[in-house]
Amino acid sequence: RVHRILLSLRKWNDELPSMLQLRQEHLPRNISSLHLHYNQCVISTTRPILLYLFKNRFSLSATSAEAPPRVFSPTTLALAESCVQAARASNSILSKLFVEGSLASFGYFDAHYLFSSTLILVMSAVMDPNVGMSDAVSYAFTILRAMKEDGNLPSFDYYEILQRTRASIGKMREANEASSRVSAVPNGSTTPQEQLVHDADGSALGFADGVPLDHPLIDRFLADKAFAWPDGMIPHDDSLRDLACELGDEFLFGPA
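To keep things clear, this report deals only with the structure shown in the data block. (Residues numbered from 1 in each chain as written. Predicted model: local features only at pLDDT ≥ 70, side-chain atom pairs only at ≥ 80, totals over all residues. Heavy atoms only, no water.)

**Concerning the packing of aromatic side chains**
By the definition in use, this model includes seven aromatic pairs. Pairing Phe98 with Tyr139 gives two aromatic rings, centres 6.2 Å apart and planes at 75°, and the pair type is edge-to-face. Taken as a pair, Phe98 in helix H3 (residues 74–100) and Tyr139 in helix H5 (residues 131–150) lie far apart in primary sequence, 41 residues in all. Members of the aromatic cluster, joined through ring pairs, are Tyr108, Phe109 and Tyr113. The side chain of Arg166 reaches across the aromatic face of Phe141, ending 3.9 Å from its centre. (Phe/Tyr/Trp six-rings, centres within 6.5 Å; stacked < 30°, edge-to-face > 60°. Helix = DSSP H or I, 4+ residues; strand = E, 2+ residues; numbered from the N terminus. Lys NZ or Arg CZ within 6 Å of the ring centre and 35° of its normal.)

Shown next as structure tokens:
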């Protein structure tokens, strides 16, 4: 399902007329809304994979310090990172709209896009802390708080939910770090869960800024015909079968 949806989204983006692309210094409001919706589609499609990695990351320390760390395939990590990149792209668009005074202060969808993208950024900032991500989260909270103070009704609930979520996730990370110090890896090396997205060589995956589906691993994932199989069947390609198995049966057949 992820393959089919992302393939459609990639096709839509590739066929987008130049006048509707994100290449202008000053974006008209209608084009901004179009790309915010596109990014939201990418987020909705890929965030179950990001959530799976997130739950696996923080469930290890809660079970046993002796539990071996999970190592995910580069394709799985790239799909999760595409969710983060879509959230960053939406965050950037919304920040520009806020600065330019084009944000729909009383509208629903801008608040919704801001909530959805910020939630992903909060998760990413906890899994792979860095200054840039923390700044983006802080600025998103500033925008949402401004919308709330202006009287935007959806932002009231969204802001409170994000506040509670950030506090709860922060506690999870503190507990995880305390556990990691107790069971530190020899020679100061890091476990595969210390950073969100790395390729087989351990270097960070390089996504094009503002283009969530622009990466060679995503290209190979979408180009592979082995994913076009009837419902309920397992792909024949070993790497694709491994990807499906590591995500669990519920990602193939739905919850039992």
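There is more to say, and it comes next.
**What to know about empty space enclosed by the protein**
The full count for this structure, using the stated rule, is one cavity of 30 Å³ or more. Approximately 50 Å³ is the volume found for the largest cavity. Taken together, Glu25, His26, Leu27, Ser32, Ile93, Lys96, Leu97 and Glu100 make up the full set of residues lining the largest cavity. Of all the elements, H3 adds the most residues to the lining of the largest cavity, at four residues. Residues of the lining of the largest cavity, tallied by class, amount to three nonpolar, two polar and three charged. (1 Å grid on protein atoms, 1.4 Å probe; cavity = no way out; pocket = protein on both sides within 12 Å on 5 of 7 lines; lining within 4 Å. Points joined across faces, edges and corners; volume = space filled by probe spheres on them. Nonpolar A, V, L, I, M, F, W, Y, C, P; charged D, E, K, R; others polar.)

**Digging into the nonpolar core**
If you look at the biggest cluster of nonpolar residues, it comprises 52 residues, and the most contacted ones within it are Leu6, Leu50, Leu53, Leu94, Leu114, Ile120 and Leu213. For this core, the secondary-structure elements that each account for two or more residues are helix H1 (2–14), helix H2 (29–63), H3, helix H4 (109–127), H5, helix H6 (153–182) and helix H7 (216–223). If we skip the residues at most four places from it in the chain, Leu213 touches Leu6, Leu9, Arg10, Tyr38, Val42, Ser82, Ile218 and Asp219. (Core = buried A, V, L, I, M, F, W, Y, C linked by side-chain atoms within 4.5 Å. Buried < 20%, exposed > 50% of the residue type's maximum accessible area, 1.4 Å probe, protein only. Contact = heavy atoms within 4.5 Å.)

**Overview of the pattern of salt bridges**
Any two side chains of opposite charge can pair, given that their charged atoms come close. Here the structure, examined in full by the defined rule, presents four salt bridges. A salt bridge links Asp219 to Arg10; its shortest N-O distance comes to 2.8 Å. Taken together, the positions of Asp219 in helix H7 and Arg10 in helix H1 put the pair 209 residues apart, joining distant regions of the chain. (Salt bridge = Lys/Arg side-chain N within 4 Å of Asp/Glu carboxyl O.)

**Re the packing of H4 against H5**
Here H4 crosses H5 at 150°, and the two axes come no closer than 9 Å. Looking at the two axes, H4 sits roughly antiparallel to H5. For the element pair H4 and H5, the recorded crossing hand is left-handed. Judged by residue contacts, Asp110, Ala111, Leu114, Thr118, Leu121, Val122, Ser124 and Ala125 of H4 engage Met133, Ala136, Val137, Ala140, Phe141, Ile143, Leu144 and Met147 from H5. Tallied by class, the residues present in the contact of H4 with H5 amount to 13 nonpolar, two polar and one charged. (Axes fitted to C-alpha atoms, helices over the stretch in contact; angles between N-to-C directions. Parallel < 35°, antiparallel > 145°, perpendicular 65-115°, else oblique. Left-handed = near helix turned anticlockwise from the far one by under 90°.)

**Observations concerning H5**
For H5, spanning 20 residues, the distance from its first C-alpha to its last is 29 Å, which sits close to the expected 28 Å at 1.5 Å a residue. Within the sequence span of H5, burial applies to Met133, Ala136, Val137, Ala140, Phe141, Ile143, Leu144, Ala146 and Met147. For H5, the side-chain oxygen to backbone nitrogen distance between the N-cap and Gly132 is 3.3 Å, and the N-cap itself is Asn130. Immediately downstream of H5, the backbone of Gly151 shows phi near 105°, a positive value. (Expected span 1.5 Å × (residues − 1). Polar contact = N/O pair within 3.5 Å; in protein donor to acceptor, adjacent residues only side chain to side chain.)

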